[in-house]
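Chains, contacts and geometry: an overview
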Amino acid sequence: MPEPRVPPNQTVTRLFPVLHFGPVPRVALDRWRFRVFGLVRRPLEFSWEEMLQLRPKTVRADIHCVTGWSKLDTEWEGIDPQAVLEVAEPLPEARYVMVHGMNQFTANLELDDILAPDTVLAHRFAGAPLAAEHGGPMRLVVPHRYFWKSAKWVTGFELMAEDRPGFWEERGYHLRGDPWQEERYW
Ligand SMILES: Nc1nc2c(c(=O)[nH]1)N[C@H]1C(S)=C(S)[C@@H](COP(=O)(O)O)O[C@H]1N2
Ligand SMILES: [Mo]
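First things first, this report covers the structure right here in the doc.

Parameters at a glance
- Residues numbered from 1 in each chain as written.
- Chains lettered and ligands numbered in written order.
- Predicted model: local features only at pLDDT ≥ 70, side-chain atom pairs only at ≥ 80, totals over all residues.
- Heavy atoms only, no water.
- Helix = DSSP H or I, 4+ residues; strand = E, 2+ residues; numbered from the N terminus.
- Rg over C-alpha atoms; globule rule 2.2 N^0.38 Å.
- Buried < 20%, exposed > 50% of the residue type's maximum accessible area, 1.4 Å probe, protein only.
- Contact = heavy atoms within 4.5 Å.
- Areas by Shrake-Rupley, 256 points an atom, 1.4 Å probe, with all protein chains shown as cover.
- Lys, Arg positive; Asp, Glu negative; His and termini not counted.
- Charge placed at Lys NZ, Arg CZ, Asp CG, Glu CD.
- 1 Å grid on protein atoms, 1.4 Å probe; cavity = no way out; pocket = protein on both sides within 12 Å on 5 of 7 lines; lining within 4 Å.
- Points joined across faces, edges and corners; volume = space filled by probe spheres on them.
- Nonpolar A, V, L, I, M, F, W, Y, C, P; charged D, E, K, R; others polar.
- Near = heavy atom within 4 Å.
- Polar contact = N/O pair within 3.5 Å; in protein donor to acceptor, adjacent residues only side chain to side chain.
- Sits in = over half its atoms within 2 Å of the grid points.

Topic: the overall build of the protein chain
Scanning the protein chain for helices and strands turns up four helices and eleven strands. Relative to the compact-globule value of 16 Å for 186 residues, the protein chain shows a C-alpha radius of gyration of 16 Å, a close match. Principal axes of the C-alpha set define a box for the protein chain whose edges measure 45 × 35 × 35 Å. Taken across its 186 residues, the protein chain has 54% of its residues classed as buried. In the protein chain, 68% of the contacts between residues at least 6 apart in sequence involve partners at least 24 apart. For the protein chain, the exposed area adds up to about 9,400 Å²; of that, 52% sits on carbon and sulfur atoms. Positive and negative side-chain charges in the protein chain, numbering 22 and 26 respectively, have mean positions lying 4 Å apart.

Here it is as structure tokens:
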């Protein structure tokens, strides 16, 4: 049997639905900051210019929303999250990352998800700057997890020793959210 392209109980769409909690935040690039804190040797804060000097990364991947839509062959350009962590240097006990976004949004991931080959801090989508409604100026994209983990309007990574539920996880979503295992809700 060939591997299926789409995880169980997902329907492919050509649209790009907009889904989030709260209003679309707008931040001027000269005030934009990205913090890396928690269990790191060097806690730090990047400006937009500093961020864009880090190693670029391009990802082409399928994304899967827990509400049932999947979108194939999405193209993201941005910064390699591994480059961010190379500067901050996670301590040996750091195994989880709380991704922080504007409007108090959080999403918990394993450190290995952040370092995965398909994960990117994206500022461009399909060849154009990432629209604010989709998380611009910068969002995380973690294609191998349900799309709620892909925090829009990112503000930082918090390195943690223990896992802890983020915004949707506290409201009943699965701690890990693997679409191939259908880890949708508790
Ligand atoms: N900051 C923030 N990021 C978020 C969310 C949110 O409410 N706030 N919702 C998540 C959910 S549930 C989904 S499905 C995707 C939707 O991304 P899109 O609007 O670009 O399709 O964003 C995720 N990232
Ligand atoms: Mo979602």
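Let's talk about the layout of surface pockets
Put simply, the largest pocket is a space of about 390 Å³. Leu19, His20, Phe147, Trp148 and Trp168 are the residues nearest the centre of the largest pocket, which is lined by 23 residues in total. In the lining of the largest pocket, the residues fall into 16 nonpolar, five polar and two charged.

Some remarks on the site of ligand 1
Close contacts around ligand 1 come from 18 residues, with Pro17, Phe21, His134, Arg139 and Lys152 the closest. At 2.9 Å from an oxygen atom of ligand 1 is found a main-chain nitrogen or oxygen belonging to Leu19. Within the complex, the protein chains bury 97% of what would otherwise be the 530 Å² of accessible surface of ligand 1. Here ligand 1 is seated within the largest pocket.

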